[in-house]
Amino acid sequence: MHYECELAVVLGRTARQVKAADALAVVAGYTIANDYAVRDHLENWYRPNLRVKNRDGGTVLGPWLVSADELPDPQALALRTRVNGRVTQQGHTGHMVHTVAALIEYLSGFM
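No experiment lies behind these values; they were computed from the predicted model shown. (Residues numbered from 1 in each chain as written. Predicted model: local features only at pLDDT ≥ 70, side-chain atom pairs only at ≥ 80, totals over all residues. Heavy atoms only, no water.)

**Student:** Mind laying out the overall build of the protein, listing which residues take part and the relevant values?
**Tutor:** Regarding its fold elements, the protein presents three helices and six strands. Ordering the α and β elements of the protein from the N terminus gives β-α-β-α-β-β-β-β-α. Looking at the 111 residues of the protein, the share that counts as buried comes to 29%. For the protein, restricting intrachain contacts to residue pairs at least 6 apart in sequence, the fraction spanning at least 24 positions comes to 60%. For the protein, the accessible surface area stands at approximately 7,900 Å², while carbon and sulfur atoms represent 53% of it. (Helix = DSSP H or I, 4+ residues; strand = E, 2+ residues; numbered from the N terminus. Buried < 20%, exposed > 50% of the residue type's maximum accessible area, 1.4 Å probe, protein only. Contact = heavy atoms within 4.5 Å. Areas by Shrake-Rupley, 256 points an atom, 1.4 Å probe, with all protein chains shown as cover.)

In structure tokens, the structure reads:
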């Protein structure tokens, strides 16, 4: 089992063709996703197959939802994964390749 702490963005309304400048206005809140990967099924490190990521009980969310008005900057968060009290992963949303707003703009263009 491989644990991956992820920031989960919860949209509060339908978002189609949203521009990055307006993207955070469609966010209802944020929570944490523990995106499990079962490495026993990994065939390619750069393109994980469906058996690695998409399993019952995987990608657990929560347990809390922080409303968007309580978190004005989603790019200013420290994220940590602890397993049995030991930190196994840590990072910062400021180091994301694409901002939350840019991801919403991109995804709302076709989803």
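**Student:** Residue-level account of the packing of aromatic side chains, with values.
**Tutor:** Within the structure shown, the criterion is met by one aromatic pair. On the basis of an interplanar angle of 75° and a centroid distance of 5.2 Å, the ring pair of Tyr-106 and Phe-110 is categorised as edge-to-face. A single burial state applies to Tyr-106 and to Phe-110, both of which are exposed. (Phe/Tyr/Trp six-rings, centres within 6.5 Å; stacked < 30°, edge-to-face > 60°.)

**Student:** I'd love a proper account of the nonpolar core, names of residues and values included.
**Tutor:** Formed by 15 residues in total, the largest nonpolar core has its most connected members in Leu-7, Val-18, Ala-23, Val-26, Val-27, Tyr-30 and Ile-104. When contributions to this core are tallied by element, the ones reaching two or more residues are β1 (5-11), β2 (27-34) and α3 (100-108). Considering each element in turn, this core owes the most residues, three residues, to α3. Residues in contact with Val-27, not counting those within four places in the same chain, are Val-9, Val-10, Leu-11, Gly-12, Ala-68 and Ile-104. (Core = buried A, V, L, I, M, F, W, Y, C linked by side-chain atoms within 4.5 Å.)

**Student:** Please set out α3 residue by residue, giving values where relevant.
**Tutor:** Of all the residues in α3, the buried ones are Val-100, Ala-101, Ile-104 and Ser-108. What you see down the axis of α3 is that its buried residues fit within an arc of 100°, all on one side. Its buried side turned inward, α3 meets β1, α1 (20-23) and β2. (Arc of directions from axis to C-beta.)

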